[in-house]
Amino acid sequence: MHLYSLWCNFEKEENKLIMEKKRISRAERLSKEREANLKHWEDQDAILFAHRQEAYDIGGEKQVQRLAKQGKKPMRELIGMLIDPGTEFFEIGLDVGYDIGKKRVYGGEVYEEEKRGHIPGGGLITGVGKIHGKDCMIFANENRYAAGTYFPITLKKHMRAQKIAEMCEIPCIYIADSGGVYLPLQIGSFADEGQFGNMFYNMCRMSAKGIKQYTLSTGGNTAGGAYIVYLACESIMIEKLAFAFLAGPPMVKSAIGEVVSSEDLGGAYVHTQHSGGCDHFVKSQEEGIQKLRDLMEFEPSQKLYIDRRETREPKYDYREMMRCTPADTYHYINIRDTIKCLADDSYFHEYKQTYSPGRGDAVVCGKMWLKGMPVGVVASNASGIIYIDAARKATEWMIRCGTSKLPVLFLQGSPGYMVGKAEEWGGIGKYGSDMVRAASCLSSPKITYVIGPDHGAANYGMCGRAFNPNFSFTNMRGRTTVMSGETAGFIVESVRRINIEKRGEQVDEEDMARFRQMMRDRYEEQGHPFYTGSLNFHDGVIAFSEARDVLARSFEIALRAPVKESHFGNLKV
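What you are looking at is a predicted structure, and each value in this text was computed from that prediction instead of being measured.

**Some words on the sheet that holds strand E9 (residues 348-351)**
Next up, step 1: Ordered by their spatial adjacency, six strands build an open sheet running E9-E10-E11-E12-E13-E15, and the pairing between neighbours is mixed. Strands at the two margins of the open sheet, each flanked by one partner only, are E9 and strand E15 (471-474). Direction aside, the axes of adjacent strands within the sheet are offset by 20° on average.
Next up, step 2: Across four bridges, E9 lies against strand E10 (residues 363-370) in antiparallel orientation. Pairing of Tyr351 across the sheet is with Cys365, part of E10.
Next up, step 3: Taken strand by strand, helix H14 (residues 388-403) contacts E9, E10, strand E11 (373-380) and strand E12 (408-412), and its axis lies near 30° from that of E10.

**As for the packing of helix H18 (residues 485-502) against helix H19 (residues 509-527)**
Next up, step 1: Running from N to C, H18 and H19 point in directions that differ by 145°, and their axes come no closer than 8 Å. In this structure, H18 crosses over H19, and the sense of that crossing is right-handed. The residues of H19 that touch H18, namely those facing Gly485, Glu486, Ala488, Gly489, Val492, Glu493, Arg496, Arg497 and Ile500, are Glu509, Asp511, Met512, Phe515, Arg516, Met519, Arg520 and Tyr523.
Next up, step 2: Considered class by class, the residues forming the contact of H18 with H19 number seven nonpolar, two polar and eight charged.

**Topic: the pairing of strand E6 (residues 234-238)**
Next up, step 1: Within E6, four of the five residues are buried, which leaves it mostly tucked inside the rest of the structure.
Next up, step 2: With four bridges connecting them, strand E5 (residues 213-222) and E6 associate as parallel partners. By the bridge assignment, Leu216 is partnered in E6 with Ile236.
Next up, step 3: Sheet analysis places E6 next to strand E8 (residues 280-282), joined by three bridges and oriented parallel. In the strand pairing of E8, Ile238 is matched with Val282.

**Points about unusual backbone geometry**
Next up, step 1: Its identity as a non-glycine residue notwithstanding, Ser356 has a phi of 50°, on the positive side.
Next up, step 2: Among the structural elements, Ser356 can be located in the loop between E9 and E10.
Next up, step 3: You will see that Lys405, though not glycine, has its phi angle at about 55°, which is positive.
Next up, step 4: Tracing the chain through its elements places Lys405 in the loop between H14 and E12.

**Structural notes on the side chain of Thr474**
Next up, step 1: Along the polypeptide, Thr474 turns up in strand E15.
Next up, step 2: A residue is classified by how much of its surface remains accessible, and Thr474, at 4% relative accessible area, is buried.
Next up, step 3: When near neighbours in sequence (up to four residues on either side) are disregarded, Thr474 contacts Tyr449, Val450, Pro529, His538, Gly540, Val541 and Ile542.

**Here's the deal with the pattern of salt bridges**
Next up, step 1: Taken as a whole and assessed by the stated rule, the structure comprises 40 salt bridges.
Next up, step 2: A salt bridge links Glu493 to Arg497; the shortest N-O distance between them is 2.9 Å. Of this pair, Glu493 and Arg497 both sit in helix H18, four residues apart, which is roughly one turn of the helix.

**Considerations on the packing of H14 against helix H16 (residues 428-441)**
Next up, step 1: The N-to-C vectors of H14 and H16 enclose an angle of 25°; their axes lie 9 Å apart at closest approach. It follows that H14 is roughly parallel to H16 by the angle criterion. H14 and H16 meet at a crossing whose hand is left-handed. Facing H14, whose interface residues are Ile388, Ala391, Arg392, Ala394, Thr395 and Met398, H16 presents Ile428, Tyr431, Gly432, Asp434, Met435, Ala438 and Ala439.
Next up, step 2: For the contact of H14 with H16, the residue count by class is nine nonpolar, two polar and two charged.

**Section: the environment of Cys463**
Next up, step 1: Mapped onto the fold, Cys463 is located in the loop between helix H17 (456-461) and E15.
Next up, step 2: Sequence spacing of Cys463 and Leu442 is 21 residues, and the spatial spacing of their C-alpha atoms is 9.7 Å.
Next up, step 3: Discounting chain neighbours no more than four positions away, the residues touching Cys463 are Phe410, Ala439, Lys446, Thr448 and Pro469.

**Digging into the pairing of E11**
Next up, step 1: Taking burial as the measure, the eight residues of E11 include eight buried ones, the bulk of the element.
Next up, step 2: What you see with E11 is no split at all: Met373, Val375, Val377 and Ala379 on one side and Pro374, Gly376, Val378 and Ser380 on the other are buried throughout.
Next up, step 3: Pairing between E10 and E11: eight bridges, direction antiparallel. Within the sheet, the bridge partner assigned to Lys367 lies in E11 and is Gly376.
Next up, step 4: Hairpin geometry of E10 and E11 is characterised by an intervening segment of two residues between the two adjacent antiparallel strands and by a positive phi of about 50° at Lys371.
Next up, step 5: As paired elements, E11 and E12 share four bridges and run parallel to each other. Note that in E12 the partner of Gly376 across the bridge is Val408.
Next up, step 6: Read as a crossover between parallel neighbours, the route from E11 over H14 to E12 is right-handed.

**Looking at the packing of aromatic side chains**
Next up, step 1: Summed over all chains, the structure comprises 14 aromatic pairs.
Next up, step 2: Here Trp41 and Phe544 contribute two aromatic rings whose centre-to-centre distance is 5.5 Å and whose plane-to-plane angle is 45°, an arrangement assigned as tilted. Residue Trp41 is found in helix H1 (residues 2-56), and its partner Phe544 is found in the loop between helix H20 (529-534) and helix H21 (547-558); the two are separated by 503 residues along the sequence.
Next up, step 3: Classification of Trp41 as buried rests on a relative accessible area of 1%.
Next up, step 4: Where Tyr150 meets Phe196, the ring centres are 5.5 Å apart and the plane angle is 70°; that geometry is what we call edge-to-face. One end of the pair, Tyr150, is in the loop between strand E3 (134-141) and helix H5 (152-168); the other, Phe196, is in helix H6 (residues 196-208), with 46 residues separating them in the sequence.

The rules behind each value
Residues numbered from 1 in each chain as written. Predicted model: local features only at pLDDT ≥ 70, side-chain atom pairs only at ≥ 80, totals over all residues. Heavy atoms only, no water. Pairing = 2+ DSSP bridges. Helix = DSSP H or I, 4+ residues; strand = E, 2+ residues; numbered from the N terminus. Axes fitted to C-alpha atoms, helices over the stretch in contact; angles between N-to-C directions. Contact = heavy atoms within 4.5 Å. Left-handed = near helix turned anticlockwise from the far one by under 90°. Nonpolar A, V, L, I, M, F, W, Y, C, P; charged D, E, K, R; others polar. Buried < 20%, exposed > 50% of the residue type's maximum accessible area, 1.4 Å probe, protein only. Salt bridge = Lys/Arg side-chain N within 4 Å of Asp/Glu carboxyl O. Parallel < 35°, antiparallel > 145°, perpendicular 65-115°, else oblique. Right-handed = clockwise from strand over helix to strand, strands pointing away. Phe/Tyr/Trp six-rings, centres within 6.5 Å; stacked < 30°, edge-to-face > 60°.

In structure tokens form, the structure reads like this:
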């Protein structure tokens, strides 16, 4: 008995040591995973910062010197002079145009033929800056590239910035120096909705709504581009530097045989002293920038249409968010670890936290404070697959946010809605549609931040770009495609197999394996933030270190307009 007792005690102690060893190993494994995640996202964000630099320095020193010979400063320098000292330019669409010639949309092949297949920044600078404390949308033609002309993708970026300005009801300032439409790509730039004429249509409509439009012409504005001067509420032209005419000297000579200089045809003195097409005459870019600031000083001060309290920093910084974010895009994520790094004081007031464990918590909903502003949250969680219970909860929450006029942050990392007989019989289509309807009809400010898979109908229910968020961002983990490459490969492969078998032929398994890999690679490339950013599918890729500041600034801009009533229509719940 004594020996048996000793043996039992020994066995207990040994099991205890084994369990402690296992616990230590698990803790060590988790620690290593967290540090590997941190290193991975630091490397990815370093790639992002290098990617941006090309747009900042497009054309290099050679282009800076070329402008200097014309008496011009780079547009980014002018923007820095325009906005209030000590404030930052909140740039949007910086990723537009990268390797655009490789994208077989928006005239990709023609870009390549014209040797214009790579346009970092898309040929236009857009973003929000503070002038006398007032938020303004600023547009500046990137005259270091192709004389600031408009490509199809440039127009898409321009219209997106105008749309944001109209939604947020903030004034627009155009620093114009453009040769107009890039003529070899005119078919993608002229005559249709969303093309060149829409710029001027938008200016007119916003002006009619009381959203001021101001233009500083600091170079050539030819043909339709001249309207950016003429249609402004007030415009400024610079002596011997700015020109505006419906047809330049070569076209005038061709059309009517008249020989005339640019200055005498449509220079600053012509339009400020004779035609009346421009309102203010200045002698330098510096004087023009000051005149813009003078105009903005008369604009009424802006409100923030929400009750804001003091800002409290999160208890966890962005590095913790990196550690908690799996490097694998499709690995499960605990979204509460992301939220605690964004929310003031890391406090999150969760809605229906215990509802339907394992299904209802595929979407996490609740409220938080973001730099003092109350914000509703609809966030993908775990695998992100949206079950019936999660869709119902998300719909309920969006309706509550809408009726409370609470702005909403969508944290999107969902690969789609759950499929299968049980879900279809249970009504996943109906409840998913209600979620899509709620995202569509929610009139509170909406900001979407893609942090993982962003596929198919989940893109709709989680307020993808087509659902008019005020701003839409992604981080380097985001992947936006109609479905995952794995799923797409399986579906198309299945169809190919059926067709081969119908023809009575033998399936080549090696060929099928190559095909599956090709589909995975294609979808990985096309879903990458740089690819979708090049096509202006979002407003920017943001680093983990910037996320809290960018999201808060976005809500601040969006809340410059009164929050509208939400009407949700015929929900089926």
